[in-house]
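Below, each chain spelled out in residue letters.
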Amino acid sequence: MELSEQEIIRRNSLQEIISLGINPYPASKYEITANSEEILKDFNAEKGNFQDISLAGRIMSRRMMGKASFVELQDSHGRIQAYVNRDFICPGEDKEFYNTVFKRLLDIGDIIGVKGDVFITQTGETSIRVKELTILSKSIRPLPVVKEKDGVVYDAFTDPEQRYRQRYIDLIVNPHVREAFIKRTKLTNSMREFLNSRSYLEVETPILQPIHGGAAARPFKTHHNTLDQTLYLRIANELYLKKLIVGGFDGVYEFAKDFRNEGMDRFHNPEFTQMELYVAYKDYFWMMDLVEEMVEKIALDLNKTTEIQVGEHLINFKRPWKRFTMFEAIEHFTGVDISQMDEKQLFETARKLNVPVDETMGKGKLIDEIFGEKCEGNLIQPTFITDYPVEMSPLAKKHRSKAGLVERFEAIVNGKEICNAYSELNDPLDQRERFEQQLELGKRGDEEAMMLDEDFLRSIEVGMPPTSGLGIGIDRLTMIMTNSASIQDVIFFPQMRAEKKEQIDGKEIFINAGIPETWVQVLQTIGFKTFKSLSEQKAAKLHQDLCGYNKKNKLDLKNPSIDEVKKWTGE
RNA sequence: GACUCGUUAGCUCAGCUGGUAGAGCAACGGCCUUUUAAGCCGUGGGUCCUGCGUUCGAGUCGCAGACGAGUCACCA
């Protein structure tokens, strides 16, 4: 591994700390009696509280002024300034701990513990007067230094690739990132509270499934060795949860990681989280009321208001939300009533509306296309869209009064679907037909068509009570609640292409092959990390590159002869 | 998968019509006992993403590739 100048300096500092008899990675626990947030909030100089406290955190900035210094410490609650005075931490004659260890060997990024009293400086900043300082963990990799004044951030750490690949750094230096993730957890806590208060049972169902079902999507495929059997990572857990309703539970839910082998963009990550809920003896109207109530509660829990600024829009989750049937929505946005149209008329209408269509599309698909093109993006405030075409919804119950439709709704917020729910199909014969239609689609090449799940059908045949089911996208909801533009901002470790890892040979491998050490340095710098890579290069070219590098960087080394270089490459 | 943009010091970024690679922060050596994007003096740090080509000469121009971002398609 090649180290930067700063990394080498830090490693040297680490060795020096050790040789001074200080363990830079002590094993024993460090007692903490206060955190930055409570000190800044509750310190009162007249009361004289927060005396003799102990706090641990990461050094985020240092301001040295000779015998006195200030460091900003960041703990999990925020930042607080510590005042480090030479004569306080080195009361005796020996000032080495301050002069050498603190001033020279500690760095931004190191984690330290401090004991002392809280006071207010002349400039009015609540600070800790440090009486004792303990190194808890030495950092040997420099951290980006982000500074801020009057709300202006200087040298912000913004490169998306580095932020997502090294989320730990993102979390350290970008406080708003922390906040978004804390909100994500508050969101799931709030939702879980809501569901538990209604006595629904939180359950776990298989992620590895022999048949992937419950949604239309391409799966990830894997293999179990002992069973010698193909397994799929789940794309949904719907069918398993319904089996539990058959089994006699009245309400079951699961926060489920689902996996879909499809495109990635700012709204899609290959693994994502859904909360699915199934409640017996309910229908989709009932479920709409539940969604409104639950999401309104979440907004209040997270932001203390039902209004949330998302991009340019102020979104209000206050109940009740607008409700449109799909046909009403299309009429509202296009002025065309399609409710009585047959396939041919729909096709013509779509063409007139400039909705891209092709001959393979059936009635349901055409309606869905028109809705997607003309309506969905315009629905900014929370809106329920109800009554979808049966062709799109093989697991939803036929509409109680409207032929060709199912009892299904989606909630659309900021132009995006956040949840999907049905009155669940519990007629086993109808369900079997729907699966068979899906099989037909599959044969015609629809890779997302559902597979026929005999065990699921068997359970429905045993008898499932009328049930309403819901799937709500946790990532999407979090994006809205935190005003995040990308799903990658609400998933700690979003999927990315694997980093290429470089193989690097130790210097001695080159030296043992007869290459002078000074040239080993140059060779590795210009890209020959392994000895083997030399043999893949022509000696003449290598010779030129080496001499060129020597000249360009004014190394003043004696150039090797072409014959020497030939020996290195084995020519 | 297609198109557009990006990749220069540890971080954030300049670098014009091709001519010896720059700044701020960070680092290093000094000075400084209540500072706060601390300050002052000094120093070091770069296969300019990779490869090929054009050229006397490429960070800069051309082609190919890697990685990332955005838009579109599929999808939650």
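Values in this document were obtained by computation on a predicted structure and should not be read as measured data.

Asks: What am I meant to see in the overall build of chain A here?
Replies: Secondary structure assignment for chain A yields 20 helices and 20 strands. Taking 2.2 N^0.38 as the reference for a compact globule, 571 residues should give roughly 25 Å; the C-alpha atoms of chain A span a radius of gyration of 32 Å, well beyond that estimate. Here the C-alpha coordinates of chain A stretch approximately 90 × 80 × 50 Å along the principal axes. Across the 571 residues of chain A, 47% fall into the buried class. For chain A, long-range pairs separated by at least 24 residues make up 62% of all intrachain contacts whose partners lie at least 6 apart in sequence. Looking at chain A as shown, the accessible area adds up to about 29900 Å², and 49% of this sits on carbon and sulfur atoms. Side chains of chain A carry 77 positive and 91 negative charges; the gap between the two charge centres is 5 Å.

Asks: Help me understand unusual backbone geometry in this model?
Replies: In the segment running from Arg319 into Pro320, the intervening peptide bond is cis, with an omega of -10°. In this structure, Pro320 sits in the loop between strand 15 (313-316) and strand 16 (322-325). One non-glycine residue, Asp52, lies in positive phi territory at about 60°. Here Asp52 is to be found in the loop between helix 2 (36-42) and strand 1 (53-65). By relative accessible area, which is 63% here, Asp52 ends up exposed. Residues other than glycine seldom take positive phi values, yet Lys304 does so here, at roughly 60°. Among the structural elements, Lys304 can be located in the loop between helix 9 (284-303) and strand 14 (307-310). Residue class for Lys304 comes out exposed when judged on its relative accessible area of 75%.

Asks: Can you help me understand the protein's contact with RNA strand B in this one?
Replies: The environment of RNA strand B is formed by 58 residues, the closest being Met64, Gln122, Thr123, His268 and Arg476. Here a base oxygen of RNA strand B and a side-chain polar atom of Asn85 are 2.7 Å apart. Contact between RNA strand B and Arg266: a phosphate oxygen at 3.0 Å from a side-chain N or O atom of the residue. If you tally residues by element for the surface near RNA strand B, the top one is helix 5 (residues 160-165), at five residues. Partitioned by chemical class, the residues of the surface near RNA strand B number 18 nonpolar, 15 polar and 25 charged.

Asks: Sorry, what's going on with the packing of helix 1 (residues 5-19) against helix 4 (residues 96-105) here?
Replies: The axes of two packed helices give the description: the angle between them and the distance between them. Where helix 1 meets helix 4, the closest approach of the two axes is 11 Å, and the angle between their N-to-C directions is 155°. One finds that helix 1 runs roughly antiparallel with respect to helix 4. For the pair helix 1 and helix 4, the sense of crossing is left-handed. Side by side, helix 1 and helix 4 meet where Ser13, Glu16 and Ile17 of the first sit next to Thr100, Arg104 and Leu105 of the second. For the contact of helix 1 with helix 4, the per-class residue count stands at two nonpolar, two polar and two charged.

Asks: Please clarify how the sheet that holds strand 1 should be interpreted in this entry.
Replies: Hydrogen bonding along the main chain pairs the strands of a sheet, whether they run parallel or antiparallel. In spatial order, the strands read 1-2-3-5-4; together these five strands close into a barrel with mixed pairing. Strand-to-strand twist across the sheet, computed as the mean angle between neighbouring axes with direction ignored, equals 55°. With eight bridges connecting them, strand 2 (residues 68-75) and strand 3 (residues 78-85) associate as antiparallel partners. From the neighbouring strand, Ser69 faces strand 3, where its bridge partner is Val84.

Asks: What am I meant to see in the environment of Ile111 here?
Replies: Summarising the element assignment, Ile111 is placed in strand 4 (residues 111-120). Remark: the alpha-carbon pair of Ile111 and Thr121, spanning ten residues in sequence, is separated by 23 Å. What Ile111 contacts, discounting residues up to four positions off in sequence, is Gly57, Arg58, Thr134, Ile135, Leu136 and Ser137.

Asks: Hey, could you run me through the environment of Gly78 in this one?
Replies: With respect to the element layout, Gly78 can be found in strand 3. Classification of Gly78 as partly exposed rests on a relative accessible area of 24%. Distance from Gly78 to Gln488, taken between C-alpha atoms, is 23 Å for residues 410 residues apart in sequence. Sequence-distant contacts of Gly78, defined by excluding residues within four places in its chain, comprise Ser36 and Leu73.

Asks: Sorry if this is basic, but what is going on with the nonpolar core here?
Replies: Nonpolar side chains tend to gather and get buried jointly when the protein is soluble and globular. Ranked by size, the top nonpolar core spans 42 residues in total, and within it Ile330, Phe371 and Ile385 carry the most contacts. Counting residues in each nonpolar core, the second largest holds 39 residues, with Leu187, Met191, Tyr253 and Tyr284 among its members.

Asks: Would you take a moment to explain the state of the cysteines for this structure?
Replies: Two cysteines joined by a covalent bond between their sulfur atoms form a disulfide. Using the criterion set out here, one finds zero disulfides in the structure. Free of any disulfide, Cys375 has its nearest cysteine sulfur in Cys419, 17 Å distant.

Asks: I'm lost on the pattern of salt bridges in this one. Help?
Replies: Any two side chains of opposite charge can pair if their charged atoms end up close together. What the rule picks out here adds up to 39 salt bridges. One salt bridge in this structure joins Arg323 and Asp289, with 2.9 Å as the shortest N-O distance. One end of the pair, Arg323, is in strand 16; the other, Asp289, is in helix 9, with 34 residues separating them in the sequence. Since its relative accessible area comes to 40%, Asp289 is described here as partly exposed. A salt bridge links Asp301 to Lys297; its shortest N-O distance comes to 2.6 Å.

Asks: Just to check I follow, could you spell out the side chain of Asn85 for this structure?
Replies: By the secondary structure assignment, Asn85 is in strand 3. Residue Asn85 is classed as buried on the basis of its relative accessible area, which comes to 14%. Side-chain polar atoms of Asn85 contact the side chain of Tyr83, separated by 3.1 Å. Residue contacts for Asn85: discarding those within four places in its chain leaves Lys67, Ala68 and Tyr98.

Asks: Looking at this model, I keep getting lost on the sheet that holds strand 17 (residues 383-389). Mind explaining?
Replies: Across the sheet, eight strands lie side by side as 8-12-13-20-19-18-17-16; this open sheet has mixed pairing. Looking along the sheet, the strands with just one partner apiece sit at the ends: strand 8 (201-202) and strand 16. The pairing of strand 12 (residues 251-259) with strand 13 (residues 271-280) spans nine bridges and is classified as antiparallel. Across the sheet, Glu254 pairs through a bridge with Glu276, a residue of strand 13. Relative to strand 13, helix 8 (residues 238-246) is tilted by about 25°, and along the sheet it contacts strand 12, strand 13, strand 19 (416-423) and strand 20 (467-473).

Reading the values: rules and limits
Residues numbered from 1 in each chain as written. Chains lettered and ligands numbered in written order. Predicted model: local features only at pLDDT ≥ 70, side-chain atom pairs only at ≥ 80, totals over all residues. Heavy atoms only, no water. Helix = DSSP H or I, 4+ residues; strand = E, 2+ residues; numbered from the N terminus. Rg over C-alpha atoms; globule rule 2.2 N^0.38 Å. Buried < 20%, exposed > 50% of the residue type's maximum accessible area, 1.4 Å probe, protein only. Contact = heavy atoms within 4.5 Å. Areas by Shrake-Rupley, 256 points an atom, 1.4 Å probe, with all protein chains shown as cover. Lys, Arg positive; Asp, Glu negative; His and termini not counted. Charge placed at Lys NZ, Arg CZ, Asp CG, Glu CD. Near = heavy atom within 4 Å. Polar contact = N/O pair within 3.5 Å; in protein donor to acceptor, adjacent residues only side chain to side chain. Nonpolar A, V, L, I, M, F, W, Y, C, P; charged D, E, K, R; others polar. Axes fitted to C-alpha atoms, helices over the stretch in contact; angles between N-to-C directions. Parallel < 35°, antiparallel > 145°, perpendicular 65-115°, else oblique. Left-handed = near helix turned anticlockwise from the far one by under 90°. Pairing = 2+ DSSP bridges. Core = buried A, V, L, I, M, F, W, Y, C linked by side-chain atoms within 4.5 Å. Disulfide = S-S within 2.5 Å. Salt bridge = Lys/Arg side-chain N within 4 Å of Asp/Glu carboxyl O.

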